[in-house]
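# Tertiary structure, described
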Amino acid sequence: MKAFARAAAAAFVCCIPAFAIPGPALAGSSDAAILKPIHQFTDGFNAGSANTALQAVSPDGSVVIDEFAPHVWQGKTAIADWMNEWDMDAQDRGITGAKVTLGDPLRVQSDGKTAYVVLPVTYDYVEKGVAMHEDATMTCTLSKASGTWLINGWAWNGQVPVKAAP
């Protein structure tokens, strides 16, 4: 699974090379501005508010790589399409109470116009009555439009979910 995660992340970066331009690592308030849309999207997801989540997304298009089929979503409606597919997958699998928790960034890098962020995340949910837990990382790319950072892609690099500890 780790090899798949590395391959997925590499494919993601290769698909959007303009957003992974090497640049200086940022510190302090710049990080907060870059992380804001990632937190907004996650908060919207956790609250079941697609509107809140999608306000953090670039209208110019995006790419999502995730562990459930069809695994890749691309284009102007990619993240909205991913949200719909996630909802259908969750219903089919009997998933409720889904919550993603973001950890402290492992890497935040930007050239001022684009940003690359790697975060540890946890995904907790109940599947058919069984509490589940998944450790993962999320690799995000963002771009700045009219002074605002927006998400234009991410890759979910998850481990195999396990039963949550009581």
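Refer to the structure presented above.
These notes cover the structure that comes with them. Note that the structure is predicted; figures quoted are calculated from it, not measured.

## Description of the overall build of the protein
The helix and strand tally for the protein stands at four helices and eight strands. Taken over 166 residues, the protein has a buried fraction of 41%. Intrachain contacts of the protein at a sequence separation of at least 6 include 56% that bridge at least 24 residues. Total accessible area computed for the protein in this model is approximately 8500 Å², and 58% of it derives from carbon and sulfur atoms.

## Re the pattern of salt bridges
All chains considered together, the criterion is met by two salt bridges. We note a salt bridge from Arg93 to Asp89, for which the minimum N-O separation is 3.1 Å. Here the residue Arg93 and the residue Asp89 both occupy positions in helix 4 (residues 78-93), the gap between them amounting to four residues, near one helical turn. Residue classification places Arg93 among the partly exposed positions, given a relative accessible area of 29%. You can call Asp89 buried: its relative accessible area is 19%. With a closest N to O distance of 3.4 Å, Arg93 and Glu127 form a salt bridge. Placement of Arg93 in helix 4 and of Glu127 in strand 5 (residues 114-127) is noted, with a sequence separation of 34 residues between them. It is possible to trace a salt-bridge network through shared partners that takes in Asp89, Arg93 and Glu127.

## Regarding the packing of aromatic side chains
Applying the stated criterion across every chain, the model contains nine aromatic pairs. An angle of 55 degrees between the planes, with centres 5.1 Å apart, marks the rings of Phe68 and Trp73 as tilted. Owing to a relative accessible area of 5%, Trp73 belongs among the buried residues under this scheme.

## Re unusual backbone geometry
A cis geometry characterises the amide bond from Ala69 onward to Pro70, with omega recorded as 10 degrees. Among the secondary structure elements, Pro70 is positioned in the loop between strand 1 (62-65) and strand 2 (72-75). Look at His71: it is not a glycine, yet its phi comes out positive at around 75 degrees. In this structure His71 comes out as partly exposed when scored by relative accessible area, which is 33%. Phi at Lys128 takes a positive value of approximately 50 degrees, unusual for a residue other than glycine. Mapped onto the fold, Lys128 is located in the loop between strand 5 and strand 6 (130-145). When its relative accessible area of 66% is taken as the criterion, Lys128 is described as exposed.

## What about the pairing of strand 2?
Where strand 1 and strand 2 come together, four bridges link them in antiparallel fashion. Among the inter-strand pairings, Val63 is bridged to a residue of strand 2, identified as Gln74. If you look at the hairpin formed by strand 1 and strand 2, you'll find six residues sitting between the two strands, and His71 has a positive phi there, around 75 degrees.

## Digging into helix 4
The terminal C-alpha atoms of helix 4, which comprises 16 residues, lie 22 Å apart, in line with the 22 Å expected from a rise of 1.5 Å per residue. All of the buried residues along helix 4 are Ala78, Ile79, Trp82, Met83, Trp86, Asp89 and Ala90. For helix 4, the angular spread of the buried residues around the axis is 135 degrees, confining them to a single face. For helix 4, exposure combined with an orientation more than 90 degrees from the buried face picks out Gln91 and Asp92. With its phi angle positive at about 70 degrees, Gly94 sits one or two positions after the end of helix 4.

## So, the nonpolar core
Counting 37 residues, the largest nonpolar core has Ile38, Phe41, Trp82, Val117, Leu142 and Trp154 as the members making the most contacts within it. Apart from residues no more than four positions distant in its own chain, Phe41 is found in contact with Ala53, Ala56, Val57, Ile79, Trp82, Met83, Ile151 and Trp154.

Conventions adopted
- Residues numbered from 1 in each chain as written.
- Predicted model: local features only at pLDDT ≥ 70, side-chain atom pairs only at ≥ 80, totals over all residues.
- Heavy atoms only, no water.
- Helix = DSSP H or I, 4+ residues; strand = E, 2+ residues; numbered from the N terminus.
- Buried < 20%, exposed > 50% of the residue type's maximum accessible area, 1.4 Å probe, protein only.
- Contact = heavy atoms within 4.5 Å.
- Areas by Shrake-Rupley, 256 points an atom, 1.4 Å probe, with all protein chains shown as cover.
- Salt bridge = Lys/Arg side-chain N within 4 Å of Asp/Glu carboxyl O.
- Phe/Tyr/Trp six-rings, centres within 6.5 Å; stacked < 30°, edge-to-face > 60°.
- Pairing = 2+ DSSP bridges.
- Expected span 1.5 Å × (residues − 1).
- Arc of directions from axis to C-beta.
- Core = buried A, V, L, I, M, F, W, Y, C linked by side-chain atoms within 4.5 Å.

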